[in-house]
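Structural features, examined
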Amino acid sequence: MQREPVRIVLASRTSELTPAIARWTTSGRGSLAFILGDEECRHRLLADGINWDRVLVAYRGADAIGYAAFKHHRRGPFSPGSGPFVREFGRLGGTLRYGLFMVSEWREWCYGFYLYGLRVRKVARRQGVASALLQAVFEQARGSGHEKIELEVQAKNLAARAFYAHHGFVSIR
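An account of the accompanying structure is given in this report. (Residues numbered from 1 in each chain as written. Predicted model: local features only at pLDDT ≥ 70, side-chain atom pairs only at ≥ 80, totals over all residues. Heavy atoms only, no water.)

**Side note on the sheet that holds strand S2 (residues 55-60)**
What links the strands of a sheet is backbone hydrogen bonding, and the strands pair in either a parallel or an antiparallel sense. Spatially, S1-S2-S3-S4 is the arrangement adopted by the four strands of the open sheet, whose pairing is antiparallel. The strands lining the two open edges of the sheet, one partner per strand, are strand S1 (6-10) and strand S4 (113-120). Adjacent strand axes in the sheet meet at a mean angle of 20°, parallel and antiparallel pairs treated alike. The pairing of S1 with S2 spans five bridges and is antiparallel. (Pairing = 2+ DSSP bridges. Helix = DSSP H or I, 4+ residues; strand = E, 2+ residues; numbered from the N terminus. Axes fitted to C-alpha atoms, helices over the stretch in contact; angles between N-to-C directions.)

Okay, structure coming up:
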């Protein structure tokens with residue numbers, strides 16, 4: 001049985017976006033849980049500030065099976081503003097957490113084109129979806145005048161490190 005091909009779409013150019021895709025996109029950044037809270041909290045903080053022109057979505061048929069988010073020209077997939085943080089954590093705590101979130105975002109400004117996140121649903125892994133998304137990210141980078149893509153992967157994430165090495169990325173530290 002042959003699978004349907006994977007279709008990659010820049011999210012800002014599709015009418016197929018659903019609340020489930022927004023929820024999935026905001027579920028990343030677990031490394032910032034001490035600032036952004038759990039998945040539900042991250043969704044409340046970030047969902048209304050998604051920059052869909054910085055998100056690629058992989059579809060097989062009508063099903064979203066993966067996404068890649070990226071940052072360039074100092075703009076990434078999220079621009080939440082301080083309001084959601086203040087509503088969630090109060091004036092003092094929200095302002096502090098928003099400031100910490102912005103510091104984590106600004107830290108990545110030194111990169112020309114930054115792969116912010118890439119995720120594939122478990123049922124679609126090892127089927128070329130991540131590679132197709134990464135190829136689409138390469139095209140986005142070239143289209144915006146960048147020849148190099150940078151990203152960060154935790155040292156202990158050996159599978160991700162092997163995947164990126166297979167696609168020509170080199171470890172710098």
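**Details of the pattern of salt bridges**
Taken as a whole and assessed by the stated rule, the structure comprises five salt bridges. The closest approach of N and O atoms between Glu 40 and Arg 23, which form a salt bridge, is 3.1 Å. Placement of Glu 40 in helix H3 (residues 39-46) and of Arg 23 in helix H1 (residues 19-26) is noted, with a sequence separation of 17 residues between them. Here Glu 88 and Arg 44 are joined by a salt bridge, their closest N and O atoms 2.7 Å apart. On the criterion of sequence distance, the pair formed by Glu 88 in helix H4 (residues 83-106) and Arg 44 in helix H3 is long-range, its members being 44 residues apart. Take Arg 44: its relative accessible area is 45%, and that puts it in the partly exposed class. One salt-bridge network, in which partners are shared between bridges, spans Asp 53, Arg 54 and Arg 75. (Salt bridge = Lys/Arg side-chain N within 4 Å of Asp/Glu carboxyl O. Buried < 20%, exposed > 50% of the residue type's maximum accessible area, 1.4 Å probe, protein only.)

**Quick notes on the pairing of S2**
Of all six residues in S2, six are buried; the element is thus mostly enclosed. Residues Val 55, Val 57 and Tyr 59 point to one face of S2 and Leu 56, Ala 58 and Arg 60 to the other, with burial holding for every one of them. The pairing of S2 with strand S3 (residues 63-72) spans six bridges and is classified as antiparallel. Bridged to Tyr 59 within S3 is Ala 64.

**Remarks on the layout of surface pockets**
Computed from the structure, the largest pocket encloses a volume of approximately 1800 Å³. For the largest pocket, the lining is made up of 50 residues, of which Leu 151, Glu 152, Val 153, Ala 160 and Tyr 164 are closest to its centre. For the lining of the largest pocket, the secondary structure elements donating two or more residues are S3, S4, helix H5 (129-143) and helix H6 (158-166). Take the lining of the largest pocket: its biggest share by element is seven residues, from S4. (1 Å grid on protein atoms, 1.4 Å probe; cavity = no way out; pocket = protein on both sides within 12 Å on 5 of 7 lines; lining within 4 Å. Points joined across faces, edges and corners; volume = space filled by probe spheres on them.)

**Some thoughts on the packing of aromatic side chains**
Two aromatic rings, taken as a pair, are described by how far apart their centres are and by the angle between their planes. Enumeration according to the criterion identifies nine aromatic pairs in this entry. Measuring from ring centre to ring centre gives 5.4 Å for Tyr 164 and Phe 169, while their planes differ by 75°; the resulting arrangement is edge-to-face. Taken individually, Tyr 164 and Phe 169 each receive the classification buried, so the pair is uniform in this respect. Members of the aromatic cluster, each reached through a chain of ring pairs, are Phe 138, Phe 163, Tyr 164 and Phe 169. Note that Arg 97 overlies the ring of Phe 89, its terminal NZ or CZ placed 3.9 Å from the centroid. When the ring centre of Trp 24 is taken as reference, the NZ or CZ atom of Arg 121 above it lies at 3.8 Å. (Phe/Tyr/Trp six-rings, centres within 6.5 Å; stacked < 30°, edge-to-face > 60°. Lys NZ or Arg CZ within 6 Å of the ring centre and 35° of its normal.)

**Some words on the packing of H3 against H4**
At a minimum axis distance of 12 Å, the contact between H3 and H4 shows a crossing angle of 85°. The angle between the axes of H3 and H4 places the two elements in the roughly perpendicular class. Here Cys 41, Arg 44, Leu 45 and Leu 46 of H3 lie close against H4, whose contacting residues are Pro 84, Phe 85, Glu 88, Phe 89 and Phe 101. Of the residues that constitute the contact of H3 with H4, the class distribution is seven nonpolar, no polar and two charged. (Parallel < 35°, antiparallel > 145°, perpendicular 65-115°, else oblique. Contact = heavy atoms within 4.5 Å. Nonpolar A, V, L, I, M, F, W, Y, C, P; charged D, E, K, R; others polar.)

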